[in-house]
Every structure is written in structure tokens, then in C-alpha cells.
Amino acid sequence: TTANSSTQSHILPIQHTTIPDHTRTMTMMAARKDMFLQPSWMSAESYGLLLLLLNGLLFALMGMFLKLCSNSGIPSTELVLMRSLVQGFFVLILLCQMKPISVAQGGPHYDHVVTHNAQVKAQADDDEAGTSTDLLALLPQRPLLFTPFGGTWDVQRLVIVRGIAGGVGFIMYFATMKLLPLGDAMTLLSFTPIFTIFLAAFFLREPILLSHIMATCFSFAGAVFIAHPTFIFGSDGSHAESSASQYGWVGYLTAILGSFCGAAAMTLIRGAGKIGAHTLHLLASFVFFGLISAIAFGQLKVAQRLDGLWYVPSQPDIWFYVFAMGMTGTSAHFLMNFAVQLAPAGLGSIVRSSNIVWAYIFEIIIFEEVPRFTTWIGVACVVTSLSIIAFQKVQDEQQKMGGTNEQSALLDDNADAESEQESEWLKVEGAQYGTAS
């Protein structure tokens, strides 16, 4: 106690300083890079797009387990509740473990701890009689659990709105999958990349290139050919389509609203990432508002009439499907919230739409559905869309490398010119000195 009091007595008053934005950004990008072992030869944007491609596979797996759960009669709002509870369990554990790395993540307390500890270490180094007891005055950083939605208001408002958009959008997604035939649902939900491109251009100032428009058109055309919607190709009279037709008009509304909410969520994730939000902030927001949305919509009389009443499943295989849906959905959601912070929202949304290809691969393997000829045309369209994006990214990387090489050459030329000028100056000085002598 005496040592602690003597150590505390000579600590300088804390002066709060603001960490420069560029330093904060570089620190966060380095932490994100280490988290997922990003290859040194790949840019952050390209790596984000690659993760979103894997994200599409995981979301397709989640959709497969969702379909197995829906076949048992579990309402979509109850499935959202179960999905959010599984994700919330893992998010809560990580929030208790992870520490902030910026003011945007930890708030004023982060700045206070950093400044305090820096002064304590500086005094311990300068004090000739300093002992290890000086380090007892260091303050620990609080975990992210104390700032679950971000450390500053700028981050918090984006994270909260993202949670609302994600929660409502997920309810709309589950309702659409249940109220519409699968082909109609997948086609209408494929409007998300179109909405995302325009929202990202308006709010994030992301450019809309010709390649983006072409990739979006091929992606949407692929979704139409693969999903084979009844409002284009007609009905085949299946039981699933006839049972969904009673409230089909509601499904079309939820599909459009769900696509817009998905686009808004992608744009908000990208915007929040730019100002320093942690991936766990985005996941925690989705869990919180997803639970609220599920409970609120699930208790509405209209929703109960359309979707059914909640019940507790008794079959073990249903609980396995629910757990698998939660695990694959949580993994996919984590990848999406991380990767969209790295990649442009518009391009990321197009890459994510590749999940329809994975979904139909599972339809063929698991549910033994025989693919149509139009399905292969749709797959070719989606592959073409991804190829356009890949080609554009390769060109961008080459231009960046060319610009870097030109800048390095320019710096070398300037250095050579300065060296020549210095040599000429030394010659003149030497001649003048010789004349004077």
C-alpha cells in the first residue's frame, strides 16, 4: 500500500489527447489483417470480396437448414428468435474478451487509459530510482462489453440503424421464403445489389462504373434463370406454390422491403467500418434488434395468422437443424460484417448474390432436385458477373502498382537531380575556394 501511494503521488495529471485519425485507421486495419491472416499480395478490398464469396456459401448452408426447419412448421419469427439467440451467445462471449483499439470502439475511457499509461511508463523510464512498483499504476482497458454499440455517437448511430435495418430485413427475408415459392423469393431478394449500388453511391460516394452495372445485370439475370420465378415462367402446379398463393401478395411486399433493408445494412456496415466500428459492435446490434423485431412481429395477430403460432419443437432432428442454422448463420454473419468493412458495398453485394448458385447446388445434392436447362444458363450468368468483378479488380490492382512504380521512379529521379545539383554546387564552391587561395 505504501509503495502504491508513493507511486501514485508523483504521477502527472492526465491530459486527454486525441489520437490522429490516420494513426487510428492504420492500427485498425493492421488488427483486421492479423485477425484473418490476409495475404500480403492481396489488397484489403480484394480480400474482402473473397471473404464475401465464402460468406455466400455459408448463407446458402444456412438457407438449407432454414428450409428444413420451415418444413416442420416453425414460424419465421420464431426462427429469427432462435437464430439471434445462438448468435447472441457467441457475441456475448467475444464482447467480454475483446478489447478496443481506438476511441471509436472504446470511447473516452480508451483515450484516458492510453494517455494515463503512457505517462506512467514515461515517468518510470525517467525516474532513476524507479522500480517495478511504478507499473502498478497502469490502468487496464475495459472490454467491448462496456461499449456494445461503439465508443462515439458517430459510430453508435450507424451501428444502431444498421441493427434496425438488419433485424427488420431478416424478418422480411424469413417471411418471404415462407410466403412465396422459392424461385419467386430468391429472384425478388436478388434486387439487393441494385439497391446497394445506388445507396452506396449516394451515401458513401462510391463510383458506379460500367463494369458494376454489367455485373449487376448478369447477377440478376442469373438469379431469374436459376430461381425460375412463376411470375415470368409460369406455375408448375406444385403444392408449395399453391399453398403460398393465398398470401402471395404479402410475400412480394416483404421481398422488396427485405431487399431494401439488406442493401441499407450493407451500406451502413461499410460506413460504420470507415469510421472505426468493431465487427462485434455490428453483430451485437443485429442480435439486439433482431430479438426485438422477432418478438414484436411474432406477437402481432396478422403475423400469427400468416406465419402461425410459436411452439417448442419436440423432435431432436428439428433442434439439430435449428442449431446448425444458428451456427452457419452466425459464421456467415460475422464474415459479412467483417468483409463489407473492407470491400465496397456495391461490389460486395454483387459477390454475395452468388449464394443463389450455392443454394441450388444444395437443392440438387440434398433435396434431389433435377436442374433445368435455364438453371445452367443462370449459373453461367452469375459466373460471368463474378468474372467481370474479378477482371475489374485485377485492372485496379495493376493500376495501383503502376502508380506506385511511377511514384518511386519519380522520387528516384528527384533524388538523382538533387545529387547532381549538390555535386555542381560542391564543384563551384571548390573552384571559388581555389581562386581565393
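Residues numbered from 1 in each chain as written. Predicted model: local features only at pLDDT ≥ 70, side-chain atom pairs only at ≥ 80, totals over all residues. Heavy atoms only, no water.

Q: What should I look at first to understand the packing of helix α4 (residues 76-97) against helix α7 (residues 153-179) in this one?
A: When two helices pack together, their arrangement is captured by the angle between the axes and the distance separating the axes. Direction vectors running N to C along α4 and α7 enclose 135°, while the axes themselves pass 9 Å from each other. Taken as axis vectors, α4 and α7 run oblique relative to one another. Taken as a pair, α4 and α7 cross one another with a handedness that is right-handed. Residues Ser76, Thr77, Leu79, Val80 and Arg83 of α4 form the contact with α7, whose own contacting residues are Phe170, Ile171, Phe174, Ala175 and Lys178. The residue inventory of the contact of α4 with α7, partitioned by class, reads 6 nonpolar, 2 polar and 2 charged. (Axes fitted to C-alpha atoms, helices over the stretch in contact; angles between N-to-C directions. Helix = DSSP H or I, 4+ residues; strand = E, 2+ residues; numbered from the N terminus. Parallel < 35°, antiparallel > 145°, perpendicular 65-115°, else oblique. Left-handed = near helix turned anticlockwise from the far one by under 90°. Contact = heavy atoms within 4.5 Å. Nonpolar A, V, L, I, M, F, W, Y, C, P; charged D, E, K, R; others polar.)

Q: Any chance you could explain a nonpolar patch on the surface here in plain terms?
A: On the surface, Phe198, Ile208, Leu210, Ile213, Met214 and Phe218 cluster together into a nonpolar patch covering about 570 Å² of accessible area. Locating methionine 214 in the fold gives a position in helix α10 (residues 210-227). With a relative accessible area of 39%, methionine 214 lands in the partly exposed category. (Patch = residues over 30% accessible without salt bridge, like charges linked within 9 Å, V, L, I, M, F, W, Y side chains within 5 Å. Areas by Shrake-Rupley, 256 points an atom, 1.4 Å probe, with all protein chains shown as cover. Salt bridge = Lys/Arg side-chain N within 4 Å of Asp/Glu carboxyl O. Buried < 20%, exposed > 50% of the residue type's maximum accessible area, 1.4 Å probe, protein only.)

Q: Help me understand the pattern of salt bridges, please; the structure alone is not making it clear to me.
A: A side chain of one charge can pair with a side chain of the opposite charge if their charged atoms are brought near each other. Inspection of every chain in the model, using the stated rule, returns 2 salt bridges. Of the charged contacts in the structure, one is a salt bridge between aspartate 154 and arginine 157, with a shortest N-O distance of 3.5 Å. With aspartate 154 and arginine 157 both in helix α7 and 3 residues apart, the pair spans about one turn of that helix. In this structure, arginine 270 engages glutamate 206 in a salt bridge whose closest nitrogen and oxygen atoms are separated by 3.6 Å. Taken together, the positions of arginine 270 in helix α13 (residues 248-274) and glutamate 206 in the loop between α9 (192-203) and α10 put the pair 64 residues apart, joining distant regions of the chain. A relative accessible area of 9% places arginine 270 in the buried class. Overall, glutamate 206 belongs to the buried group, its relative accessible area being 12%.

Q: Just checking my understanding: could you explain unusual backbone geometry for this structure?
A: Leaving glycine out, the prevailing phi sign among residues is negative, and the prevailing peptide bond configuration is trans. Although it is not a glycine, arginine 205 sits at a positive phi angle of roughly 60°. Along the chain, arginine 205 falls in the loop between α9 and α10. Judged by its relative accessible area of 65%, arginine 205 falls in the exposed class.

Q: Please explain empty space enclosed by the protein as it appears in this structure.
A: Which parts of space are left empty comes out when a probe the size of a water molecule is rolled across the atoms. All chains considered together, the criterion is met by 3 cavities of 30 Å³ or more. Approximately 730 Å³ is the volume attributed to the largest cavity. Along the walls of the largest cavity sit 37 residues, with Phe59, Tyr173, Leu189, Arg352 and Asn355 positioned nearest its centre. Looking at which element gives the most residues to the lining of the largest cavity, the answer is α7, with 7 residues. Taken together, the residues of the lining of the largest cavity break down into 22 nonpolar, 11 polar and 4 charged. (1 Å grid on protein atoms, 1.4 Å probe; cavity = no way out; pocket = protein on both sides within 12 Å on 5 of 7 lines; lining within 4 Å. Points joined across faces, edges and corners; volume = space filled by probe spheres on them.)

Q: For this particular structure, what's the right way to read the layout of surface pockets?
A: Empty space within the second largest pocket amounts to approximately 300 Å³. Counting residues per element, the ones that place at least two in the lining of the second largest pocket are α3 (44-70) and α19 (373-436). With 5 residues, α19 is the largest single contributor of residues to the lining of the second largest pocket. Residues belonging to the lining of the second largest pocket are distributed by class as follows: 9 nonpolar, 2 polar and 2 charged.

Q: Just to check I follow, could you spell out the environment of aspartate 111 for this structure?
A: Checked against the element boundaries, aspartate 111 lands in helix α6 (residues 108-126). Look at aspartate 111 and you get buried, because its relative accessible area is 11%. Between the C-alpha atoms of aspartate 111 and glutamine 141, which are 30 residues apart in sequence, the distance is 9.8 Å.

Q: What am I meant to see in the side chain of serine 76 here?
A: Assignment of secondary structure puts serine 76 in helix α4. Here serine 76 is in contact with Phe174, Ala175, Lys178 and Asp307, once residues within four sequence places are set aside.

Q: Would you explain the confidence of the model for the protein in this entry?
A: Note that predicted coordinates carrying low pLDDT should not be read in detail. Model confidence for the protein is summarised by a mean pLDDT of 78, while 77% of its residues fall at 70 or above. Element-level pLDDT for the protein is lowest in helix α1 (residues 2-9), with a mean of 42, against a maximum mean of 93 in helix α5 (residues 103-106). Overall, residues 1-31 carries pLDDT values under 50, and its contacts beyond four positions in sequence, including any with other chains, amount to 42 contacts. (pLDDT = per-residue confidence, 0-100.)

Q: Help me understand the packing of aromatic side chains, please; the structure alone is not making it clear to me.
A: Between two aromatic rings, the relevant description is the distance of the centres plus the angle of the planes. By the definition in use, this model includes 12 aromatic pairs. Centre to centre, the rings of phenylalanine 191 and phenylalanine 220 are 4.9 Å apart; their planes meet at 45°, and the pair counts as tilted. Taken as a pair, phenylalanine 191 in the loop between α8 (182-189) and α9 and phenylalanine 220 in helix α10 lie far apart in primary sequence, 29 residues in all. With relative accessibility at 23%, the residue phenylalanine 220 sits in the partly exposed group. Centre to centre, the rings of phenylalanine 202 and phenylalanine 203 are 4.9 Å apart; their planes meet at 85°, and the pair counts as edge-to-face. (Phe/Tyr/Trp six-rings, centres within 6.5 Å; stacked < 30°, edge-to-face > 60°.)

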